[in-house]
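# A structural walkthrough
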Amino acid sequence: DGGITQSPKYLFRKEGQNVTLSCEQNLNHDAMYWYRQDPGQGLRLIYYSQIVNDFQKGDIAEGYSVSREKKESFPLTVTSAQKNPTAFYLCASSREQFANTGELFFGEGSRLTVL
Amino acid sequence: AQSVAQPEDQVNVAEGNPLTVKCTYSVSGNPYLFWYVQYPNRGLQFLLKYITGDNLVKGSYGFEAEFNKSQTSFHLKKPSALVSDSALYFCAVRDPSAGRRALTFGSGTRLQVQP
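As the structure is a prediction and not an experimental result, all values here were calculated from the model. (Residues numbered from 1 in each chain as written. Chains lettered and ligands numbered in written order. Predicted model: local features only at pLDDT ≥ 70, side-chain atom pairs only at ≥ 80, totals over all residues. Heavy atoms only, no water.)

### Some details on the overall build of chain B
Scanning chain B for helices and strands turns up zero helices and twelve strands. Reading the helices (α) and strands (β) of chain B from amino to carboxyl end gives β-β-β-β-β-β-β-β-β-β-β-β. Over its C-alpha atoms chain B spans a radius of gyration of 14 Å, differing by no more than 12% from the 13 Å that the globule rule assigns to 115 residues. Oriented by its inertia axes, the alpha-carbon framework of chain B measures out at about 45 × 30 × 20 Å. A buried classification covers 46% of the 115 residues belonging to chain B. At a minimum sequence separation of 6, the contacts of chain B that also span at least 24 residues come to 57%. With the model as given, the accessible surface of chain B reaches about 5200 Å², and the carbon-plus-sulfur share is 47%. Computed over 11 positive and 8 negative side-chain charges, the separation of the two mean positions in chain B equals 8 Å. (Helix = DSSP H or I, 4+ residues; strand = E, 2+ residues; numbered from the N terminus. Rg over C-alpha atoms; globule rule 2.2 N^0.38 Å. Buried < 20%, exposed > 50% of the residue type's maximum accessible area, 1.4 Å probe, protein only. Contact = heavy atoms within 4.5 Å. Areas by Shrake-Rupley, 256 points an atom, 1.4 Å probe, with all protein chains shown as cover. Lys, Arg positive; Asp, Glu negative; His and termini not counted. Charge placed at Lys NZ, Arg CZ, Asp CG, Glu CD.)

This is the structure in C-alpha cells:
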C-alpha cells in the first residue's frame with residue numbers, strides 16, 4: 001500500500017542527545033514536510049522540502065536539522081540545541097510543489113519524550 | 001503572512017444533531033483552505049478542501065464546509081453528528097500568492113459527540 005511511514009512511533013531521549021526521526025514515503029510525492037504538535041498549539045511547521053537536495057526552514061526550525069538526499073526520504077534530527085523537544089512529530093507529503101493544490105498526506109507520527 | 005484561527009477549543013453536540021466547527025483565516029490573496037481530522041495518537045486525515053468554485057464543498061464522512069469570503073470563514077459542518085465523529089479537527093490555509101509553499105494550521109477544535 002502507498003503511504004508514509006514514520007519511525008520510531010515512540011522514542012525516549014536523555015537531555016543532550018541528538019535523535020533522528022525517520023520519514024519514508026512511497027507515494028512518489030515531490031514535497032515533504034515536518035510538523036510539530038503540542039497540546040493546544042496545533043501543528044507548527046519545522047522544515048519542508050519541495051524537491052530533492054533542497055529544503056526550507058519553517059516557523060520553528062531552531063534546534064532541528066533535515067536532509068533530502070532521496071525523493072522518498074526526509075529524516076528529521078532533533079539536536080541538543082532544541083530547548084523543549086518533547087512533542088508529537090508529524091511527517092507529511094504532497095504532490096509536486098502544490099502546483100495542483102493537492103492536500104497533505106500524513107504519517108502516523110513519532111512521539112518523542114525527553115527524560 | 002497566512003494564518004488561521006479556530007476560536008473554540010471544544011465543541012459538544014448530541015448524536016443526531018447538526019454540528020459546526022468554526023474556522024477563520026487571514027491571507028493577502030485568495031486562500032486555499034483545508035479541513036483535517038485527527039484521532040488519538042494518529043496522523044491527520046484529509047476531509048475536504050476549497051480551492052475555487054462553489055462555496056459549498058463536500059468531503060469525506062458526510063462533512064461539508066462553506067467558504068465565505070466576506071467573513072473570511074470556512075466553517076466545517078455536518079447535518080447529523082455521530083459518536084464516531086468525536087476527534088480533533090484542524091483547519092489549514094495556504095496563500096498561493098505568497099512565497100511559502102506549506103500549509104498553516106489552526107490550533108484545533110476537539111469535537112465531542114454525546115450518545
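### Examining the layout of surface pockets
Quantified by volume, the largest pocket comes out at close to 420 Å³. If you go around the largest pocket, you meet 21 residues; those closest to its centre are Q37 and P39 of chain A together with Q38, L88 and R110 of chain B. Elements with a contribution of two residues or more to the lining of the largest pocket: β4 (31-38) and β9 (87-94) of chain A together with β10 (87-94) of chain B. Ranked by the residues each element gives to the lining of the largest pocket, the list is headed by β10 of chain B, at three residues. When its residues are assigned to classes, the lining of the largest pocket shows eight nonpolar, nine polar and four charged. When its volume is computed, the second largest pocket comes out at roughly 270 Å³. F105 and F106 of chain A together with L44, Q45 and F46 of chain B are, among the 14 residues lining the second largest pocket, the residues nearest its centre. Of all elements in the fold, only β10 (105-106) of chain A together with β6 (44-50) of chain B reach the threshold of two or more residues within the lining of the second largest pocket. (1 Å grid on protein atoms, 1.4 Å probe; cavity = no way out; pocket = protein on both sides within 12 Å on 5 of 7 lines; lining within 4 Å. Points joined across faces, edges and corners; volume = space filled by probe spheres on them. Nonpolar A, V, L, I, M, F, W, Y, C, P; charged D, E, K, R; others polar.)

### Observations concerning the pattern of salt bridges
Tallied over the entire structure, the rule returns eight salt bridges over all chains. Among the salt bridges present, the one from K49 of chain B reaches E103 of chain A, with a minimum N-O distance of 3.3 Å. Placement of the pair is K49 of chain B in strand β6 and E103 of chain A in the loop between β9 and β10, with the two residues belonging to separate chains. Owing to a relative accessible area of 24%, K49 of chain B belongs among the partly exposed residues under this scheme. Taking relative accessible area as the criterion, E103 of chain A reaches 12% and is therefore assigned buried. Here D85 of chain B ties to K78 of chain B by a salt bridge, and the two come within 2.8 Å at their closest N and O atoms. By the burial criterion, D85 of chain B is buried, and K78 of chain B matches it. A single salt-bridge network, built from bridges that share partners, covers R36, D38 and R44 of chain A. (Salt bridge = Lys/Arg side-chain N within 4 Å of Asp/Glu carboxyl O.)

### Quick notes on the nonpolar core
By size, the foremost hydrophobic cluster in this structure holds 27 residues, and its most contacted members are W35, L47, L48, F74, L76 and Y89 of chain B. Those elements that provide at least two residues to this core are β2 (10-14), β3 (19-21), β5 (32-38), β6, β8 (64-68), β9 (73-78), β10 and β12 (109-114) of chain B. Listed in part, the 21 residues of the second largest apolar core include L104 of chain A together with L44, A92 and A102 of chain B. (Core = buried A, V, L, I, M, F, W, Y, C linked by side-chain atoms within 4.5 Å.)

Limitation: the analysis is restricted to geometry and does not speak to function.
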